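Here is what each chain is made of, one letter per residue.
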Amino acid sequence: DGGITQSPKYLFRKEGQNVTLSCEQNLNHDAMYWYRQDPGQGLRLIYYSQIVNDFQKGDIAEGYSVSREKKESFPLTVTSAQKNPTAFYLCATATAWSTDTQYFGPGTRLTVL
Amino acid sequence: GNSVTQMEGPVTLSEEAFLTINCTYTATGYPSLFWYVQYPGEGLQLLLKATKADDKGSNKGFEATYRKETTSFHLEKGSVQVSDSAVYFCALSLNSGGGADGLTFGKGTHLIIQP
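As the structure is a prediction and not an experimental result, all values here were calculated from the model.

1. Some remarks on the overall build of chain A
Link 1 in the chain: Scanning chain A from terminus to terminus reveals 0 helices and 11 strands.
Link 2 in the chain: Each helix (α) and strand (β) of chain A, taken in turn from the N terminus, gives the series β-β-β-β-β-β-β-β-β-β-β.
Link 3 in the chain: The C-alpha radius of gyration of chain A comes to 13 Å, within 12% of the 13 Å expected for a compact globule of 113 residues.
Link 4 in the chain: If one aligns the C-alpha atoms of chain A with their principal axes, the spans along those axes are about 40 × 30 × 25 Å.

Quick look at the structure:
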């Protein structure tokens, strides 16, 4: 059963702690993306990766870091430098030949207390 | 820069009513245009797309036509159902098999269909 897995669905952390959000896919897609969703603001791009061991900053990369050691995995770390980390985080993937069409995971809601 | 503007919600309609959600865009090139739908607590699902001017995307009774002259991509459905209640996002992409730098989204329109 192909798809995109984000775990956990809900995550709680104390202020000042780093936290890593998981994104795994078995679609064999080359490109992977992280978006942040806030109420009334739509989605904003944090980081993206077109191939293994390479990634690029999106519009709001400050306070976040990523890695792409495997094609299937693109974890996002929310660091203590991120001023407003509480949000809904969405991972997406796309094929190399059709990167304009993206497929989204179910999302992780992060709440920083 | 690139941007997408869509009508603010919530939009509340009765079942079987006609739906229009407006979307206009600003882009430096020739974008592909998309409508995504998000049901409560879930990720986004691609609803339909159009890749060039005058193309019409359609799916599940929804339609949208790429209008280059008015830079618009309005979403329409002839008869909505309660199950269509969701948040709808208009988006654009300037990737055309080359770069892969993500989608630009509108802020979303919350649609509520009452029985």
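There is more to say after this.
2. Description of the sheet that holds strand 9 (residues 75–77) of chain B
Residues and elements named next belong to chain B.
Link 1 in the chain: Pairing in this open sheet of 4 strands is antiparallel, and the strands run 3-9-8-7 from one edge to the other. The open sheet has two free edges, formed respectively by strand 3 (19–21) and strand 7 (56–59), since each of these has just one partner strand. Strand-to-strand twist in this sheet, taken as the mean axis angle between neighbours without regard to direction, amounts to 15°.
Link 2 in the chain: Relative to strand 9, strand 3 is paired through 3 bridges, and the arrangement is antiparallel. Paired with Leu19 across the two strands is Lys77, which belongs to strand 9.

3. Describing the interface of chain B and chain A
Link 1 in the chain: Chain B puts 24 residues into the contact, and the matching count from chain A is 23 residues.
Link 2 in the chain: Summing the contributions of chain B and of chain A, the shared interface buries around 1,700 Å²; its carbon and sulfur component is 52%.
Link 3 in the chain: If you look at where chain B meets chain A, you find 0 salt bridges.
Link 4 in the chain: Counting residues per element, the ones that place at least two in the side of chain B that touches chain A are strand 5 (32–38), strand 6 (44–50) and strand 10 (86–93) of chain B.
Link 5 in the chain: Counting residues per element, the side of chain B that touches chain A draws most heavily on strand 5 of chain B, which supplies 4 residues.
Link 6 in the chain: Residue composition of the side of chain B that touches chain A, by class: 8 nonpolar, 12 polar and 4 charged.

4. With respect to a nonpolar patch on the surface
Residue and element names in this part refer to chain A.
Link 1 in the chain: Where nonpolar side chains cluster on the molecular surface, the patch consists of Tyr10, Phe12 and Leu113 and spans about 380 Å² of accessible area.
Link 2 in the chain: Take Tyr10: it is sitting in strand 2 (residues 10–13).
Link 3 in the chain: Overall, the relative accessible area of 52% leaves Tyr10 in the exposed class.

5. Section: unusual backbone geometry
Residues apart from glycine generally show negative phi values, whereas peptide bonds are mostly found in trans.
Link 1 in the chain: Of the consecutive residues Ser7 of chain A and Pro8 of chain A, the connecting peptide bond is found in the cis state with omega at -10°.
Link 2 in the chain: Along the chain, Gly9 of chain B connects to Pro10 of chain B via a cis peptide bond; the corresponding omega equals 0°.
Link 3 in the chain: Here the phi dihedral of Glu16 of chain B falls at roughly 80°; this positive angle occurs in a residue that is not glycine.
Link 4 in the chain: As for its position among the elements, Glu16 of chain B is in the loop between strand 2 (11–14) and strand 3.
Link 5 in the chain: Residue Asp54 of chain B is not a glycine yet carries a positive backbone phi of 75°.

6. Section: the sheet that holds strand 7 (residues 64–66) of chain A
Pairing between sheet strands relies on hydrogen bonds along the backbone, with the strands arranged either parallel or antiparallel.
Residue and element names in this part refer to chain A.
Link 1 in the chain: Spatial ordering of the open sheet is given by 1-3-8-7, a layout of 4 strands whose pairing is antiparallel. Looking at strand neighbours, the two that pair on one side only are strand 1 (4–7) and strand 7, the edges of this open sheet. Neighbour to neighbour, the strand axes of the sheet diverge by 20° on average, direction disregarded.
Link 2 in the chain: Relative to strand 8 (residues 76–78), strand 3 (residues 19–25) runs antiparallel, the two being bridged by 3 bridges. Of the residues in strand 8, the one forming a bridge with Thr20 is Thr77.

The rules behind these values
Residues numbered from 1 in each chain as written. Chains lettered and ligands numbered in written order. Predicted model: local features only at pLDDT ≥ 70, side-chain atom pairs only at ≥ 80, totals over all residues. Heavy atoms only, no water. Helix = DSSP H or I, 4+ residues; strand = E, 2+ residues; numbered from the N terminus. Rg over C-alpha atoms; globule rule 2.2 N^0.38 Å. Pairing = 2+ DSSP bridges. Axes fitted to C-alpha atoms, helices over the stretch in contact; angles between N-to-C directions. Contact = heavy atoms within 4.5 Å. Buried area = accessible area lost by both parts, 1.4 Å probe. Salt bridge = Lys/Arg side-chain N within 4 Å of Asp/Glu carboxyl O. Nonpolar A, V, L, I, M, F, W, Y, C, P; charged D, E, K, R; others polar. Patch = residues over 30% accessible without salt bridge, like charges linked within 9 Å, V, L, I, M, F, W, Y side chains within 5 Å. Areas by Shrake-Rupley, 256 points an atom, 1.4 Å probe, with all protein chains shown as cover. Buried < 20%, exposed > 50% of the residue type's maximum accessible area, 1.4 Å probe, protein only.

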